[in-house]
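# Coordinate inspection notes
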Amino acid sequence: MAEVTLTKLNKYFDTTHVVKDVDLQIRDKEFMVFVGPSGCGKTTTLRMIAGLEAVSSGDIRIENTVVNQVPPMDRDIAMVFQNYALYPHMSVASNMAFGLKMRKFPRDQIQDRIKRAAAILGIENLLGRKPRQLSGGQRQRVALGRAIVRDPKVFLFDEPLSNLDAKLRVQMRVELKKLHERLAVTSIYVTHDQVEAMTLGDRVVVMRDGVVQQVGEPLELYNRPANRFVAGFIGSPAMNFADVTISDQGGKVVAEATGLKIVLPGELAARARTHMNGAGTRATLGIRPEDIHVAGAADSPDHCLEAEVEVVEQLGSEILLDTRVGQALVVASIDPNVRVRTHDKLKLALNPERLHLFDPETEKAF
Amino acid sequence: MIEGAVWRKWVFYNIPLILFVFVLLFPFYWMIITSFRPDGELYRPWNAVNYQPFWTNKPTLEHFVYLFEETDFGQWMINTMFIAVTSTLISLFCGVLAGYALARLNFPFAGSLGTVIFVTYLVPQTLLFIPLAEIIRNFHLGDTPWSLILTYPTFLIPFCTWLMMGYFKAIPKELEECARIDGASRFKAMVYIIVPIAVPGILSAGIIAFTLSWNEFIYALVFLSSPEEKTVAVGVTSELIRGDVFFWGSLMAGALLGSVPVAIVYSFFVEHYVSGLTGSVKG
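Residues numbered from 1 in each chain as written. Chains lettered and ligands numbered in written order. Predicted model: local features only at pLDDT ≥ 70, side-chain atom pairs only at ≥ 80, totals over all residues.

## Structural notes on the overall build of chain A
Within chain A one finds nine helices and 20 strands. The dimensions of chain A, computed from C-alpha atoms along their principal axes, are 80 × 45 × 35 Å. Evaluated residue by residue, chain A yields a buried proportion of 40% over its 366 residues. (Helix = DSSP H or I, 4+ residues; strand = E, 2+ residues; numbered from the N terminus. Buried ≥ 20, exposed ≤ 12 C-beta atoms within 10 Å, placed from the backbone.)

Here is the structure:
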């Protein structure tokens, strides 16, 4: 049982307000990911949970105990740092033993735990080495091992994979996921990489400028982003946005811009209608590249666009088309077998069920 | 690396280097030759037929014997060693703690305090000895080793503090934060993690502090008066120059023996020393 609850959490650095009224409940055994661009306050929030930064106002509870004034050593948490923070003068085994020695565990128990953690991570043969003799991936494993041996209430991860090369990062991501399944310890993970957030998190917190934008399961964020920021941040390549005017034209709700005219489908039309005031309500239309395909005979002209191809990016599994539709730039991810070339003019069809509308002022989803 | 033409390497690299080494080592060579040269040869005029300034065919230990039998040289060595080691240890202890505090702890006026400490280092010893002499007299410490052990830190502590502060700042903060999450208090994190990592820096500070105290002249000259309390630097120059008579052979023998401990200390720690001054910590 280790829930972490943040209540009205605020952090000021001098006069800069970096974390603003964060309310969050992290459930027991949950893998919670904080994601957002750099400077969004995610790392500061994590460091407050760790006890490395003082809380300006609000409460942090671990297992229903307010820990605002508890020093890091007494919070029973373990943290994995971006640069691993291995003690350079100690062997791998001593690195892992340090936390247990500080807590005065008996020697045989320390040995036992190190052995078990090393076996889980596959680093038994490295125990005698010094950190400088290890590769990046191995250091990462040792840093994980040092956290595991402690058997803490909560794991904190501060961008642990961002110093690894791309291939190793994918591999370690999978291992982290397996590890969490095996250990079932409440984990809080900070990253700026939305792919990591989507693949690792049971739930994901999207932050921006110190404010929580949305909390939800990965698919929820992907399918129903709460605002334009979340919509643009989650998903790769990013969602396309176009400024449109929505109006009621003979019972149909239509979104229009130069070179673009889309009839909104039932449910979205109903939601748009509640926001409409007068003939031309301005809105931002969003569609993900993967919800666009080259129009075929089955596609209704209501959801089609005339596009001119500007760049073709052949990725093998898909083709990314950078196209121009009227004033707007639209990226489409299409079937890799379609033959397209730069400057081709073609008709693209949108999946109408996957359209998103946002208020241009508040950026909130309709 | 491609070096270019051979002549270029000689003109810009080898010849300047040889000149530099020659200029640097010649005084030592002169010191060694003089200390082994018999008096007869030493005071031979330059226009004598058998004048031979750069070499001697009859090396002798008479100057060394004189040094140990007719002066308190052995006692001076012991005095200097005791004073240098003790004041270095005191300064290192204070410097490490102060450097850590200035580098890591957030307290009001930390920045200006660091500057003030540095400023005290800039006050010339040739002026500072006047008020210090007053203090030494009031505490009746004159003519005891403690007069130097307690005054050397006035310039050694600022020096050690600044060197250690720079070194501590170069150690990633995460190491300490990680230790504190791992269950160490701030003090334990310092003792078990930061100080062991800073050993090269501490050694460098220690070596330089030791050398500075070993070679210190003006305080030793002012605060010590009886021959048996003197340090090497003061003892040799005051006891072997009598009026206008220079006992060159013994003077040089004393200088040679006096520089041996420093040379040993340097050569012993040279690797750590260089990495302490130039290297940063690799994670």
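## Looking at the overall build of chain B
Each helix and strand in chain B was counted, giving 14 helices and two strands. Overall, chain B is about 80 × 65 × 30 Å in size when its C-alpha atoms are taken along their principal axes. For chain B, buried positions account for 34% of its 283 residues. Relative to all contacts within chain B whose residues are 6 or more apart in sequence, the contacts with residues 24 or more apart total 77%. (Contact = placed C-beta atoms within 7 Å.)

## Things to note about helix α13 (residues 232–239) of chain B
With six of eight residues buried, α13(B) lies mostly within the body of the structure. Val232(B), Ala233(B), Val234(B), Gly235(B), Val236(B) and Glu239(B) are the residues of α13(B) that are buried.

## What about helix α5 (residues 166–183) of chain A?
Between its first and last C-alpha atoms α5(A) spans 26 Å; for 18 residues at 1.5 Å apiece the expected length is 26 Å, and the two agree. Of the residues one or two after α5(A), Ala184(A) is the one with positive phi, at around 50°. (Expected span 1.5 Å × (residues − 1).)

## Some details on the interface of chain A and chain B
Facing 20 residues of chain A, the contacting portion of chain B comprises 18 residues. At the level of elements, β6 (77–80) and α2 (92–102) of chain A are the ones that each hand at least two residues to the side of chain A that touches chain B.

## Things to note about the sheet that holds strand β19 (residues 345–350) of chain A
Residue and element names in this part refer to chain A. Ordered in space as β15-β19-β16-β17-β18, the five strands form an open sheet in which the pairing is antiparallel. Both edges of this open sheet fall to β15 (292–294) and β18 (328–334), since each of them pairs with a single strand only. If you compare each strand with its neighbour and ignore which way they point, the axes differ by 45° on average. Relative to strand β17 (residues 319–325), strand β16 (residues 304–314) is paired through six bridges, and the arrangement is antiparallel. Bridged to Gln-314 within β17 is Ile-319. (Pairing = 2+ DSSP bridges. Axes fitted to C-alpha atoms, helices over the stretch in contact; angles between N-to-C directions.)

## Re the domain arrangement of chain A
Residues and elements named next belong to chain A. Segmenting chain A into domains produces domain 1 (4–233) and domain 2 (240–358). For domain 1 and domain 2, the distance between their C-alpha centres works out to 39 Å. In this assembly, four residues from domain 1 lie in contact with five residues from domain 2. The residue makeup of the side of domain 1 that touches domain 2, split by class, is two nonpolar, one polar and one charged. (Domains from an automatic or database assignment. Nonpolar A, V, L, I, M, F, W, Y, C, P; charged D, E, K, R; others polar.)

## Some points on the domain arrangement of chain B
Residue and element names in this part refer to chain B. Once the domains are mapped, chain B shows domain 1 (1–60) and domain 2 (62–278). Computed from C-alpha coordinates alone, the two centres of domain 1 and domain 2 are separated by 32 Å. Contacts between the two partners involve nine residues from domain 1, matched on the other side by eight residues from domain 2. For the side of domain 1 that touches domain 2, the elements supplying multiple residues, two or more each, are α1 (6–36) and α2 (39–42). If one sorts the elements of the side of domain 1 that touches domain 2 by residue count, α1 sits on top with four residues. Here the side of domain 1 that touches domain 2 is composed, by residue class, of four nonpolar, three polar and two charged.

## Description of unusual backbone geometry
As a rule of thumb, non-glycine residues mostly have phi less than zero, and peptide bonds are mostly trans rather than cis. Residue and element names in this part refer to chain A. A cis amide bond links Ser-236 with the next residue in sequence, Pro-237, at an omega value of -5°. Here Glu-363, not a glycine, exhibits a phi torsion of approximately 65°, which is positive. Mapped onto the elements of the fold, Glu-363 is located in the segment after β20 (356–358). Glu-363 gets classed as partly exposed once you count the C-beta atoms within 10 Å, which come to 16.

## A closer look at the nonpolar core
Judged by nonpolar contacts, the single largest core of 157 residues is most densely connected at Val33(A), Met79(A), Leu156(A) and Ile188(A). Ranked by residue count, the leading element in this core is helix α4 (residues 73–104) of chain B, at 10 residues. In this view, Ile188(A) contacts Val4(A), Ile26(A), Met32(A), Phe34(A), Leu46(A), Ile49(A), Val154(A) and Leu156(A); residues no more than four positions away in its chain are not counted. (Core = buried A, V, L, I, M, F, W, Y, C linked by C-beta atoms within 7 Å.)

## So, the pairing of strand β13 (residues 260–263) of chain A
All names here are of chain A. Side chains of β13 alternate between two faces, with Leu-260 and Ile-262 buried and Lys-261 and Val-263 left unburied. One ladder, built from four bridges, connects strand β12 (residues 252–257) with β13; its direction is antiparallel. Bridging across to β13, Ala-255 finds its partner in Ile-262. Counted along the chain from β12 to the antiparallel partner β13, the turn is two residues long, and its residue Gly-259 has a positive phi close to 80°.

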